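# Coordinate inspection notes
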Amino acid sequence: MTTVHIKYFASIREAIGHSTEVLDTEAATLGDLRDELIARGGVYAELLAPGRAVRMALNQVMAGEGAALPAQAEVAFFPPVTGG
Amino acid sequence: MAAVARVRIQTQDFDLGAEIAALRLGDPQVGAVCSFVGTVRDRNAGGPGEVQSLELEHYPGMTERSIEAMIDAAHARFDVRAVRVVHRVGVLEPLDQIVLVAVTSAHRSESFQACEFVMDYLKTQAPFWKKEQTPQGAQWVDARVSDDAALARWGIRADNAI
């Protein structure tokens, strides 16, 4: 069991209705964590579904589903970026 | 040179002349300065005047960190003297300045290339999001496949607008 600090941004933050949450999880990887959130159903299942354009960051660096979750990880879910 | 922050995220406007003056200050090896300024258009997918304002959100901490890494990559790839990035967040209006990338180098080619490299990188890898206010309501701006292609020219996969 590890604690992760999750952040949501932009359209995902708006749809979920909050920007942060702290979660105790058994997830070993970023992909496991995404699956756990999808299993909540509702807006999480819709927004984070496989095939949706979702980008993820682990401890403030872009990361893929295979990335291992260290203790007290900061994880973020957000749509493709559109700065500049 | 080291005392000045290489990356600034701010709501307030910036002065291109002052930024360049600060970037080349006291460095007699500089023979070239190249800068890019991105500004707010009054249209995107729609017609003239459609974009009334733009709101920029970002990921504090990761934004600075990711752009710092891009500047490190630019230094590793090109023989440049200094790089500066300023990016605005918050509500902006058409004609406003959004982003500055400025690069100094001994010769022009390196600063031209590094400026475009950093900008291409920033477009697809820095965590900013734009929301447009239009007469039809507010909408999040879609990422462009062409921006991923721009980064691919440098041999880097973007995988942003997928």
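Residues numbered from 1 in each chain as written. Chains lettered and ligands numbered in written order. Predicted model: local features only at pLDDT ≥ 70, side-chain atom pairs only at ≥ 80, totals over all residues.

### A look at the overall build of chain A
Summing up its helical and strand segments, chain A has 3 helices and 5 strands in all. The helix and strand sequence of chain A, counted from the amino end, reads β-α-β-α-α-β-β-β. Residue burial in chain A is summarised as follows: out of 84 residues, 33% are buried. Put simply, 56% of the contacts in chain A that link residues at least 6 apart link residues at least 24 apart. (Helix = DSSP H or I, 4+ residues; strand = E, 2+ residues; numbered from the N terminus. Buried ≥ 20, exposed ≤ 12 C-beta atoms within 10 Å, placed from the backbone. Contact = placed C-beta atoms within 7 Å.)

### A look at the overall build of chain B
Of regular secondary structure, chain B possesses 4 helices and 8 strands. Along chain B, helices (α) and strands (β) appear in the sequence β-α-β-β-α-β-β-β-α-β-β-α when read from the amino end. Here chain B has a C-alpha radius of gyration of 16 Å; the compact-globule value for 162 residues is 15 Å, and the two agree. With respect to the three principal axes, the spread of C-alpha positions in chain B is 50 × 35 × 30 Å. With 162 residues in all, chain B has 37% of them scored as buried. Considering only contacts in chain B between residues 6 or more positions apart, those separated by 24 or more positions represent 71%. (Rg over C-alpha atoms; globule rule 2.2 N^0.38 Å.)

### Quick notes on the interface of chain B and chain A
Across the contact, 24 residues belong to chain B and 15 residues belong to chain A. When residues of the side of chain B that touches chain A are traced back to their parent elements, those giving at least two are helix H2 (62–77), helix H3 (108–125) and strand S7 (128–134) of chain B. Take the side of chain B that touches chain A: its biggest share by element is 5 residues, from H3(B). The class makeup of the residues in the side of chain B that touches chain A is 14 nonpolar, 6 polar and 4 charged. (Nonpolar A, V, L, I, M, F, W, Y, C, P; charged D, E, K, R; others polar.)

### With respect to the packing of H2(B) against H3(B)
Residue and element names in this part refer to chain B. With their axes 10 Å apart at the nearest point, H2 and H3 run at an angle of 150° to one another. For the element pair H2 / H3, the angle class is roughly antiparallel. Crossing handedness for the pair H2 and H3: right-handed. In contact with Ser66, Ile67, Met70, Ile71, Ala74 and Arg77 of H2, H3 contributes Ala114, Phe117, Val118, Tyr121, Leu122 and Gln125. In terms of residue class, the contact of H2 with H3 is built from 9 nonpolar, 2 polar and 1 charged. (Axes fitted to C-alpha atoms, helices over the stretch in contact; angles between N-to-C directions. Parallel < 35°, antiparallel > 145°, perpendicular 65-115°, else oblique. Left-handed = near helix turned anticlockwise from the far one by under 90°.)

### Description of the sheet that holds strand S3 (residues 55–58) of chain A
Residues and elements named next belong to chain A. Taken in spatial order, the 5 strands make up an open sheet running S2-S1-S5-S3-S4, and their pairing is mixed. The two strands at the open ends of the sheet, each matched to only one other strand, are strand S2 (20–25) and strand S4 (61–63). Within this sheet the neighbouring strands show an average axis-to-axis angle of 30°, counted without direction. Relative to S2, strand S1 (residues 2–8) runs antiparallel, the two being bridged by 6 bridges. Note on S2: the bridge partner recorded for isoleucine 6 is glutamate 21. (Pairing = 2+ DSSP bridges.)

### Description of the sheet that holds strand S5 (residues 90–92) of chain B
Picture the strands of a sheet paired through backbone hydrogen bonds; they go either parallel or antiparallel. Residues and elements named next belong to chain B. Judged by pairing direction, the sheet is antiparallel, and its 4 strands sit side by side in the order S5-S3-S7-S8 without closing on themselves. Either end of the sheet is taken by a strand with one partner, and the two such strands are S5 and strand S8 (137–140). Pairwise comparison of adjacent strand axes, ignoring direction, gives a mean angle of 25° for this sheet. Both strand S3 (residues 53–58) and S5 contribute to a ladder of 3 bridges, which runs antiparallel. Bridge pairing links leucine 54 to leucine 92 in S5.

### A closer look at the confidence of the model for chain B
Close inspection of predicted coordinates is inappropriate for parts of the model with low pLDDT. Mean pLDDT over chain B stands at 95; residues scoring 70 or higher make up 98%. The ipTM assigned to the predicted complex is 0.96, against a pTM of 0.95. (pLDDT = per-residue confidence, 0-100.)

### Thoughts on helix H2 (residues 30–38) of chain A
Residue and element names in this part refer to chain A. All of the buried residues along H2 are Leu30, Leu33, Arg34 and Leu37. The arc that holds the buried residues of H2, viewed along the axis, is 100°, so those residues lie on one side. Residues of H2 that are buried sit in contact with S1, S2, helix H3 (42–48), S3, S4 and strand S5 (73–78). (Arc of directions from axis to C-beta.)

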